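Reading the structure
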Amino acid sequence: MTKSKAYGDQSRFSAPRYAYFLGPVIVAALGGMTIASAQSPFANSQGSQAWETPSAPQSAPPLREAKPRPAPAAGNGAPSQNSQVIPTPSSTYPPQSAPNSQNTQTYSNAPANPPVRSQSTQSYPPSSAASPYQYSGSASTSPFAPSKPSEYGAGQYSQGRQTAPTNYVPVEQLPSRGYPAQQGTPYGQSYTQAAPQNYPPQNYPAQSAPPQSYPPQAGPMAPRSWKDKMGLGNLTTILRGFIKGGVAAVTRDDDVTSESDWKEEFVGDAKAELEVSAITDTGYEYGVNLEGRAQYDKFRRGFGGRITDCPPTVAGCSSALIDGIPTALRGHTSRFYTNGPDEAEEGQIALESAHLFLRSTYGDITIGRDDGAAYLFSLGAPSLLAVGASNSPVDYTGLDSVKTINDASGFSEKVTYTSPRLLGDRIGVGVQFGGSYALNARACGVDYCVKRDDGTGTLAPDLEDILEVGLALDRTFDNGLKVEGTATYARGSEKSGFAGLDDLESFNLGAETSWMDITLGGSFLKSNNGLVDGDYKAWDIGATWKPSALGVTLGYGHAKDENVNLTSDQFVAGLTYDFEKFTLGAGAQYIERETQAVSGSVVTPQKDKATALFIEGGFEF
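Computed from a predicted model, the values in this text were never measured in an experiment.

Cut-off values and rules
For every chain, the first residue of its written sequence is number 1, and the numbers climb from 1 along that sequence. Two thresholds apply to this predicted model, a pLDDT of at least 70 for residue-level local features and 80 or more for giving and counting side-chain atom pairs, whereas whole-chain, interface and lining totals are computed over all residues. Just so you know, side-chain values use all the structure's heavy atoms and leave hydrogens and water out. The secondary structure listing takes helices from DSSP runs of H or I that are at least 4 residues long and strands from runs of E that are at least 2 residues long, numbered from the N terminus. To sort residues, take the accessible area from a 1.4 Å probe on protein chains only and compare it with the maximum for the residue type: under 20% means buried, over 50% means exposed, and anything in between is partly exposed. In these tables, accessible area is a Shrake-Rupley quantity obtained with a 1.4 Å probe, and a residue counts as shielded only by the protein chains included in the view. Side-chain atoms alone can form a polar contact between residues adjacent in sequence; in general such a contact is a pair of N or O atoms within 3.5 Å, and within protein one must be able to donate a hydrogen while the other accepts it. Throughout, disulfides are identified as pairs of cysteine sulfur atoms within 2.5 Å of each other. DSSP calls a pair of strands paired once it identifies at least 2 bridges connecting them. Any pair of Phe, Tyr and Trp rings, taking the six-membered ring for Trp, is counted once the centres come within 6.5 Å. Such a pair is stacked with planes under 30 degrees apart, edge-to-face with planes over 60 apart, and tilted for the rest. A positively charged side chain is recorded as over a ring if its NZ (Lys) or CZ (Arg) lies within 6 Å of the ring centre. The angle to the ring normal must also be within 35 degrees.

1. Concerning the overall build of the protein
Summing up its helical and strand segments, the protein has 5 helices and 22 strands in all. With 621 residues in all, the protein has 40% of them scored as buried. Accessible surface, the protein: about 33,300 Å² in total, of which carbon and sulfur atoms supply 57%.

And the structure:
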């Protein structure tokens, strides 16, 4: 048989040659399908999708259910005739119209390099994007793995709804190896890419994680020094005080001299307080307090003083036998006496406070020279003037005799505790209390002067172990009315044991009420004066009205000292006007006091009167 006959008679040799050619192709295709099914990410996909509907067959066996596309078989390079549909990646895109059913792809088994014929019956503009299903790789790898360049060109598939761009090798970069489509069969494929649908390009914004901002992480804190813990690096210094002064025209009238001339008198009073404190990490405030006083008042040193002369050797005058010698007595609270030199000094300066303090939410504690609890909780008649009907630090007339403040220990060294205000929110009444203990009552300053030996030749109680307590209650009503009440008690032990002397006992009651611009108050003090027979009693009442910078003061006080047979009544009335920190005032003071006088060897009553018209001024800092 010649070669020409063999090619000329295709009917004779077509069956054996076709079987010889088709067998290896089928074996390679089945192997490729098995490998692709195992490696494809869509191998487990079940069910058909909308885009998996194939075009109508053209005298070809019916298409099987869509499965992953196999890799091209190795060997002679012919593609498999078992067409597979590739699932769409899971992405959401705008809905697209269905592709033209005529735009289908076929594969061909014809000899190589015949003319390429497109199956599309429509003309499309060229697409700028490569087909999302161009792949590169060997026949043994998944068609979606872009690992190696493919030996085959890009296949021409129905576009369907597949528009998602992917990063596969562009068609232009693949080697040109086309196969013509076989006529009459849907499996013919030219391996050239037909013009895809002209879908609008998809613009996807770049996805980037928002910047995370984290606060800087501080490193481990260095241990704080004891100075920082004690607050010594942030000390607080406070300086406050006042300066007051006045001038008055004074007239005196007594039964002995019968003087009634007007004379000028001057008074001055100043205080400066320095406080240095720190606050610990735990919120405790501690520090030191210093207070200095300076005063000009020529009629007395402290409260009290010498009144008309009544020698202890005269019956009816204050006296006690000390080692068989009559000696004048001097009460501890009132500090009046009737015999001996006058201790009054025109001016004096004293350190009246020098103590350590600790303040917290549990209360305040002071240790050192300071006022006692009975003094701190005492109330007196209100006054806007430097001179009042009672408890006046200075005196124009020299006859002031009313004191309702319970200063049992003065500013002697002591330990004092005052509580915070308690129970106000629960019972509607604020409660505050305090207590103090002093080793003795000896201290001498501007308003209080107690010495062991005062140089007057009188005998006074020598008090030790002085205990003081105080209680304050206050209530504010809905209409703005404020009410406050106080009570104090003090007790001290008399250590000398002389006749006529006794342990000290004194108590004070005070009340004050205010509504709008009016304040009304009064107080009462009773003390045994530290004497067996020599009580001192005093009370006062006063009112102030301050609707604006202008203020009005009215006050009255009464006192009785049984030790020196003294009875006193005094009145004060005046006006004040505030110029920010400076205050100017004017008023009148009237005192009427009855004492005892000696005419020969007989004790007779003596009445003293004094009137002062004054102008005063002062400022605070």
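2. Overview of the environment of Arg-359
Along the chain, Arg-359 falls in strand S8 (residues 347–360). Among the residues examined, Arg-359 registers a relative accessible area of 26% and is labelled partly exposed. For the pair Arg-359 and Glu-285, spaced 74 residues apart in sequence, the C-alpha to C-alpha distance is 5.0 Å. A polar atom in the side chain of Arg-359 sits 2.9 Å from the side chain of Glu-275.

3. Some points on the state of the cysteines
For the coordinates displayed, the defined rule picks out 2 disulfides. Across the disulfide from Cys-444 sits Cys-449; the S-S distance is 1.9 Å. In this structure, the disulfide formed by Cys-444 and Cys-449 twists by about -85° around the S-S bond and is classed as left-handed. Cys-444 gets classed as partly exposed once you look at its relative accessible area, which sits at 23%. Given the relative accessible area of 9%, Cys-449 is considered buried.

4. Re the pairing of strand S2 (residues 262–279)
Where strand S1 (residues 236–254) lies against S2, 16 bridges are found, and the strand directions are antiparallel. Counterpart to Arg-240 in the pairing with S2 is Glu-273. Sheet topology places S2 next to strand S3 (residues 285–296); 12 bridges connect them, and they run antiparallel. Bridge pairing in S3 links Ser-277 to Gly-287. The loop that links S2 with its antiparallel partner S3 comprises 5 residues; one of these, Gly-283, has a positive phi angle of about 90°.

5. Some details on the packing of aromatic side chains
Tallied over the entire structure, the rule returns 9 aromatic pairs. Taking 5.2 Å as the distance between ring centres and 15° as the angle between the ring planes, the aromatic pair formed by Tyr-396 and Phe-614 counts as stacked. Here Tyr-396, found in the loop between helix H4 (373–376) and strand S10 (413–418), pairs with Phe-614, found in strand S22 (residues 602–620); they are 218 residues apart in sequence, far enough to count as distant. Among the residues examined, Phe-614 registers a relative accessible area of 2% and is labelled buried. Centre to centre, the rings of Tyr-577 and Phe-579 are 4.8 Å apart; their planes meet at 55°, and the pair counts as tilted. Under the relative-accessibility criterion, Tyr-577 is labelled partly exposed at 38%. The class for Phe-579 is partly exposed, based on a relative accessible area of 47%. Grouping aromatic residues by their ring pairs yields a cluster made of Trp-539, Tyr-556, Phe-571 and Tyr-590. Above the plane of the ring of Phe-357 lies Arg-359, whose end atom (NZ or CZ) is 3.9 Å from the centre.

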